[in-house]
Structures are given as structure tokens and as C-alpha cells.
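Residue-level structure breakdown
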Amino acid sequence: MNAVVFYSATDECKRIAAYFAERLSYEIVDIVGAGCKYERAALVFPVHCQNIPQAVIHFLKRLTVDYLTVIAVYGKMCHGNVLYEIQRKFRHNIIAAAYVPAKHTYIDEPRFSDFDRLDPVIDKATKQGTVIIPKSYKNPFANVFKGLRSRMGVKIIKNNGCDNCGMCQYNCPRNAIVNGKTNRNCIRCLRCVASCPKKALSFKTTPAMSAYLKKKKQDELIIYI
């Protein structure tokens, strides 16, 4: 079985995964309901605070795959060292990989649209071999209280439109929200905000986070094939 597995909070990664699935004629599967055994698989996920999201770590731990392609989507700040970490920690046979600059979850900006630039990765995903992924820069403090930093930098706001339908809880990959109220498991991926049918959830960044988001952006597509 071949598949493109995606983890997406605000559909940015899902759009990229859909392009891969169409070009490869693979099934496209949300990571939450994905199986664990494939012949060929492409994994598309967002970088969180220069780290691998926990949902992706859990998937990689149980994954059995012959040939794996990994796409790390970052919000033009810093992609960290996640591809190297995946190759070193999980020992899967990675045949192609890429860091893809895309819309930041917290910034109102254009979405990624240069899909044809990913074609070399798609072409390699159908072949064999192993790619060696080098180390990249990662802030030495990136692993320090990363969940807490996210919660302190971004506030989830519930308005009177919430009717306790439970969709935020259903769509949360971290069991981090119930009826619009988050707990310490929340990583501020904003999947709850994007999936709320009543638009009853919104978010607000703190002055410190807002200042950080104004830093000079990176816009480099890095491909390993």
C-alpha cells in the first residue's frame, strides 16, 4: 500500500500533501487515522517551534515502511533540524526529503503555491536509494519548555457563539481542548480554531510573539534527493 500521510492544522500541509497524492496517485490520509504499514509513503507535517510535532513522533514510532519521503513545512522563521532528527532517531529508509517554506500559522500571508518546485522530490519518491540529510541550525533553546512557550505566546479565545458541539475536541490531535477550553497539552497549532463550525474560536498573540513574528523571514526551499 502507498499513501501520502499528512498532519495539518490549518490545511497548509494538507494542500501540499494533496499535490503529492495527485501526482503520485497515492491515497491521502490524515495522520490521526493513518495505518502503520506501507510500501511507499510520503509524510507531510508542520515544524512546531523548530521541533517534530508529537503526533508525528507517535506515527513514526509505529510506522513500518520500505521507502519514505519526508516533507517538513515551516512558517518562514526557522525549520530547525527536524529532518536530520527523524533520520537519526527512527532509522527509516528516507529516499527524499524537503524543507518547504509556507504560510505561518499565526500570520495572515499568501499560502504556498509553487507546487511544481516539489516535482524533483515527487520523482525521487517513486525510486529507490537512501538520501543523507545533514544537520541544520537549531536554536539551542528550542527544546526548552516549548509547549509552555507556545501557550504563553498565543491565547485561544472562545466567544459566545460556542454551543459545545465538541468539534474542537474531536479534531485536536493532542486531547488539549474541551468545549473551547484548552489544557496544558495544547501546542497552539490552531487546528481547533480552523475546524470550529461556528467560528467561535480565535487567537491572539502576545506582544513578545508579535515582535518575534516580525523578524526577517526565510524563504528557502531545501531539497534532498
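Residues numbered from 1 in each chain as written. Predicted model: local features only at pLDDT ≥ 70, side-chain atom pairs only at ≥ 80, totals over all residues. Heavy atoms only, no water.

**Observations concerning the packing of aromatic side chains**
We apply this condition: Under the pairing criterion, centres of Phe, Tyr and Trp rings, with the six-membered ring standing for Trp, must be within 6.5 Å; the plane angle then separates stacked pairs below 30 degrees from edge-to-face pairs above 60, leaving the rest tilted. By definition, any uninterrupted DSSP run of H or I lasting at least four residues is a helix, any uninterrupted run of E lasting at least two residues is a strand, and each is numbered from the N terminus. Each residue gets one of three labels from its accessible area relative to the maximum for its type: buried under 20%, exposed over 50%, partly exposed in between, using a 1.4 Å probe on protein chains only.
Inspection of every chain in the model, using the stated rule, returns four aromatic pairs. Measuring from centroid to centroid gives 6.3 Å for tyrosine 99 and tyrosine 224, while their planes differ by 75°, and the two rings are edge-to-face. On the criterion of sequence distance, the pair formed by tyrosine 99 in strand 5 (residues 94-101) and tyrosine 224 in strand 10 (residues 222-224) is long-range, its members being 125 residues apart. Grouping residues by exposure puts tyrosine 99 and tyrosine 224 together as buried. Their ring planes at 40° and their centres at 5.8 Å tell us that tyrosine 106 and phenylalanine 203 sit as a pair that is tilted. One end of the pair, tyrosine 106, is in the loop between strand 5 and helix 4 (119-124); the other, phenylalanine 203, is in strand 9 (residues 201-205), and 97 residues separate them in sequence. A relative accessible area of 29% places phenylalanine 203 in the partly exposed class. Grouping aromatic residues by their ring pairs yields a cluster made of Tyr19, Phe112 and Phe115.

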